[in-house]
Structures are given as C-alpha cells and as structure tokens.
Amino acid sequence: MPSSKAPTPPPRLFSGMQPTADSLHLGNYLGALAQWVILQDSHQAIYCVVDQHAITVEQDPDVLRRRVRVTAAQFLAAGVDPARSILFVQSHAPEHAQAAWVLQCLTGFGEASRMTQFKDKSQREGAERASVGLFTYPILQAADILLYDAAVVPVGEDQRQHLELTRDLAQRFNARYGQTFVVPEPHIVKATAKILDLQRPDKQMSKSLGGSGCLFLLDDVKASAKKIKSAVTDLGREVVFDPDGKPGVSNLLTILSALSGTSIETLEKRFEGAGYGDLKKEVAAAYTEFAGGFAERTHQWLSDGSTLDDVLADGAVRARAISGERLADVYRKVGFA
Ligand code: AQP
C-alpha cells in the first residue's frame, strides 16, 4: 500500500548579492554563485538581488535600476533555474525591512559595532559619510535570511561574521518569544571561499579594489586574459599549491581547478617542469571559455526584457508568500496588535 505520509520538503536556502557593479566578478561567481547553482538540486533555493543593501552607499537611481536587472540576468546566466528556485528583488518584498526593524531592536550597539566589514567600509567612506544603513546592514541581512526559514546560506568567507550575528539574533528571538526562526548554517566551500586579487594576492578579489586585479565577468575577455597574464606570481619557478608561501600561484591554481573541474593535485602534476607562464596561459584559456559563454547568456536574458521582468515578478510573489507569513508570526509574538 502506498504510504500516506507526505515527503519531507528539501531544506530551504537563502542567499543574495548586491547590484553595485555593472558586472559580477570571478570571486562572486566562484565563492557563491557557482554554489547556488549546485545547491538548487538538494534545496528549495531562494536567491535575491539585494538592492536595499546597495543603497547603504550612495547610488545613482538610474544606474541602480539597470544594475538590478544586470545582476538578475547574471544569476540566470550562471544557471539559477526560476522554475525550481525563487529569484526576486529585495525591495519588492517590504517584509525584509519590516523584520529588520524588529531585529535591530534586539541587537546590541556594541555587538553591531564589532562587524569588521562595517569598520573597513566606514573607514573607506570616512566616519561622517558612512550611513547608519551601512551600520545596520548585517541586521537587514539577518532579516533576509530568517524570514525564509533558511537552514543553509551559501556565501564566501567574508560573510562568516554576518552569519554568526544572524544565528545569534535567531537564537535570541527564539529564547525571548518562543521557537520562531530556523538557526541557519553558513555553507562556505573552503577551496573557493576567498578568491584573491590578481595584483594583490594578500587581499580578496573585490569590486572596490577593482582595477587590473579583478576579473569582471562581463568585461571584454581579451582584456581579462591580459589581466591574468600579468597576475603577480611569487618567487621561485615551481607551480605548486602553497597558499602561504605562494599566494599568487595558488590563487591561479584555485581558479583553474574550479573552472576546469580538475583537482589541484592533478594540475600540480600536469605543470611539473613547466613555468608560471604556462599556468597563466591555461588559466586565461579556461577563463575565456567560461566568461565568453557567461556574457552571451547574460546578454540574451537582458535582450528579452519582458521575460526577465516576469521571472522577477513571479519570484516576488512566491517570496512574499513565505516571508509574509513569517513576518505576521513575528509581529504577533512581539505584541503588535
Ligand atoms: N573574492 C571573493 N572570493 C569568494 N567569495 C567572494 N564574495 C565576494 N568576493 C569574494 C562573495 O560574493 C557574494 C556577493 O556578495 P555581495 O553582493 O555582498 O558582494 P560584495 O561583498 O559587495 O562583493 P565585493 O566585490 O567584495 O564588494 P566590495 O568591494 O564592495 O566589498 C558573497 O557571498 C561574498 O561572500
């Protein structure tokens, strides 16, 4: 006799990226987006273009609008499947900002002050110019995640501290008001958690460093191949994986391994007796092949504007069906009439 028990739904997963550049970079892709695509098979995945996070630093409204679509198109080009996963824009779901207020009231000022990303970014902006939104950014991020009962959050290493805060806030709310939020686990894949800048391999690749050390996925591939060929390498000649002693070479091996699906050990063997120039040539070829196809798919999505809009509108409806219910529960528990 068939069992009457409904199958257990797959665990939920939430992650987002900011629409703050005309292109994602290779760190965003290998550190997070590539995982997003894989995890769709085992999770009910919810992916978000976090435009409310973007305005924590000044944005030109027209540029921001354009970048929201370009960012969503890149998620789709990477393989996010809107038939299986929810893809939406953060500002289309006002529940995020509403839940963030409740969580802000549970967060200690000292606790928020310890967030290293705020310290770094506010130093860059200057204390007077840094917005209060930049300060409370990690609490909005906590709301993003907790509203969806996400068990798993795939991110790069730089997000670990924010995830810890999210977990603390979930536990604090649950202890004070009764079981409400799922306490999420970060999903950080060690091998690609921190892709380094090609010119400054002591720093992570980032759009704010930009320049010749950052591979923007929608840039001209020839220019990107040139950046790879002029990447800073290390003393010595051997192509070996040694992140402390040879950060530049190890970073190139990590990139090649991730793009080609070949293990680092196999690559080390293949490059025995070869030099850094050979390694760079192969990384440039693998990158060119990947980024060429990625850019083409992104432009296809952008050229079919109404389909992209439909995907985002449908995603917002599906997202709000989940977050609306959780927010109502939160409001009731904190005593809002
Ligand atoms: N270099 C990286 N290696 C691995 N993962 C990375 N991520 C970012 N850089 C690397 C991950 O990408 C996701 C996007 O997060 P975001 O939208 O918050 O992007 P970001 O942190 O603003 O990206 P940047 O380039 O690092 O921006 P700036 O320079 O403005 O700080 C996250 O999961 C992140 O971990």
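Residues numbered from 1 in each chain as written. Predicted model: local features only at pLDDT ≥ 70, side-chain atom pairs only at ≥ 80, totals over all residues. Heavy atoms only, no water.

Quick word on the site of the ligand
The environment of the ligand is made up of 22 residues, and the closest members are Gln 18, His 25, Asp 158, Lys 207 and Ser 208. Between Lys 121 and the ligand, the recorded distance is 3.3 Å, taken from a side-chain N or O atom to an oxygen atom. The separation between a nitrogen atom of the ligand and a polar main-chain atom of Met 205 is 2.9 Å. Taken by itself the ligand offers 650 Å² of open surface, and the protein chains cover 94% of this. With four residues, the single largest contributor to the shell around the ligand is helix α1 (residues 26-39). (Near = heavy atom within 4 Å. Polar contact = N/O pair within 3.5 Å; in protein donor to acceptor, adjacent residues only side chain to side chain. Areas by Shrake-Rupley, 256 points an atom, 1.4 Å probe, with all protein chains shown as cover. Helix = DSSP H or I, 4+ residues; strand = E, 2+ residues; numbered from the N terminus.)

Considerations on the packing of aromatic side chains
Taken as a whole and judged by the stated rule, the model has 13 aromatic pairs. With centroids separated by 5.2 Å and ring planes inclined at 45 degrees, the aromatic side chains of Phe 109 and Phe 135 adopt a geometry described as tilted. You can see Phe 109 sitting in helix α5 (residues 109-113) and its partner Phe 135 sitting in helix α7 (residues 132-146), a full 26 residues away along the chain. Given a relative accessible area of 64%, Phe 109 falls into the exposed group. Aromatic side chains Phe 118 and Phe 135 sit 5.0 Å apart centroid to centroid with 70 degrees between the ring planes, which places their arrangement in the edge-to-face category. (Phe/Tyr/Trp six-rings, centres within 6.5 Å; stacked < 30°, edge-to-face > 60°. Buried < 20%, exposed > 50% of the residue type's maximum accessible area, 1.4 Å probe, protein only.)

Here's the deal with helix α6 (residues 116-125)
Residues that lie three or four places apart on an α-helix share one face, since the helix turns once every 3.6 residues. Where α6 is concerned, the buried positions are Gln 117, Phe 118 and Ser 122. Taken down its axis, α6 places every buried residue within 115 degrees of arc, on the same side. The exposed set on the far side of α6, more than 90 degrees from its buried face, consists of Gln 123 and Arg 124. Of the surrounding elements, those touching the buried residues of α6 are α7 and α8 (160-177). Directly beyond the C-terminal end of α6, a positive phi value near 95 degrees is found at Gly 126. (Arc of directions from axis to C-beta. Contact = heavy atoms within 4.5 Å.)

Some words on the nonpolar core
One broad trend across soluble globular proteins is that nonpolar side chains are buried collectively. Membership of the largest hydrophobic core comes to 58 residues, with the highest contact counts inside it found for Leu 26, Tyr 29, Leu 33, Phe 75 and Leu 279. Counting residues per element, this core draws most heavily on helix α12 (residues 276-303), at ten residues. Not counting residues within four places of it along the chain, the set of residues in contact with Leu 33 comprises Met 17, Leu 24, Asn 28, Gln 74, Phe 75, Ala 78 and Val 80. Counting 42 residues, the second-largest nonpolar core is a separate cluster that includes Ile 86, Leu 106, Leu 146 and Ile 322. (Core = buried A, V, L, I, M, F, W, Y, C linked by side-chain atoms within 4.5 Å.)

Re the pairing of strand β2 (residues 44-49)
Taking burial as the measure, the six residues of β2 include five buried ones, the bulk of the element. Relative to β2, strand β1 (residues 12-17) runs parallel, the two sharing six bridges. Looking at the pairing, Leu 13 lines up with Ala 45 of β2. Running through α1, the crossover from β1 to the neighbouring parallel element β2 is right-handed. As paired strands, β2 and strand β3 (residues 86-89) are joined by four bridges and run parallel to one another. Paired with Tyr 47 across the bridge in β3 is Leu 87. (Pairing = 2+ DSSP bridges. Right-handed = clockwise from strand over helix to strand, strands pointing away.)

Some thoughts on the environment of Arg 84
Inspection of the secondary structure assignment puts Arg 84 in the loop between α3 (61-78) and β3. Placed 44 residues apart in sequence, Arg 84 and Gln 40 show a C-alpha to C-alpha distance of 7.2 Å. Ignoring sequence-local partners within four residues, the contact set of Arg 84 consists of Gln 40, Asp 41 and Arg 318. A distance of 2.7 Å separates the side chain of Arg 84 from the side chain of Asp 41, its partner in a polar contact.

Re the packing of helix α9 (residues 221-229) against α12
The geometry of α9 relative to α12 is characterised by a closest axis approach of 9 Å and an angle of 155 degrees between their N-to-C directions. Taken as axis vectors, α9 and α12 run roughly antiparallel relative to one another. By crossing handedness, the relation of α9 to α12 is classed as right-handed. On α12, the residues touching Val 221, Ser 224, Ala 225, Ile 228 and Lys 229 of α9 are Lys 280, Lys 281, Val 283, Ala 284, Tyr 287, Thr 288, Ala 291 and Gly 292. Among the residues making up the contact of α9 with α12, the classes are represented as seven nonpolar, three polar and three charged. (Axes fitted to C-alpha atoms, helices over the stretch in contact; angles between N-to-C directions. Parallel < 35°, antiparallel > 145°, perpendicular 65-115°, else oblique. Left-handed = near helix turned anticlockwise from the far one by under 90°. Nonpolar A, V, L, I, M, F, W, Y, C, P; charged D, E, K, R; others polar.)

Observations regarding the environment of Arg 297
Turning to its location among the elements, Arg 297 is positioned in helix α12. The exposure class assigned to Arg 297 is partly exposed, which follows from its relative accessible area of 36%. Considered as a pair, Arg 297 and Glu 268 are 29 residues apart in the sequence and their alpha carbons are 32 Å apart.

Remarks on the side chain of His 162
Structurally, the position occupied by His 162 is in helix α8. A polar contact of 3.2 Å, which involves the side chain of His 162, links it to the side chain of Gln 141. Polar contacts involving the side chain of His 162 include one to the side chain of Gln 159, which spans 3.1 Å. Ignoring sequence-local partners within four residues, the contact set of His 162 consists of Met 115, Gln 117, Tyr 137, Pro 138 and Gln 141.

Considerations on the pattern of salt bridges
What the rule picks out here adds up to 19 salt bridges. Note that Glu 282 and Arg 270 form a salt bridge whose closest N and O atoms lie 2.4 Å from each other. Placement of the pair is Glu 282 in helix α12 and Arg 270 in helix α11 (residues 264-270), with a sequence separation of twelve residues. Owing to a relative accessible area of 27%, Glu 282 belongs among the partly exposed residues under this scheme. Residue classification places Arg 270 among the partly exposed residues on the basis of a relative accessible area of 42%. Of the charged contacts, one joins Asp 314 and Arg 318 as a salt bridge, the two residues approaching to 3.2 Å between their closest N and O atoms. (Salt bridge = Lys/Arg side-chain N within 4 Å of Asp/Glu carboxyl O.)

Read these as geometric descriptors, not functional statements.
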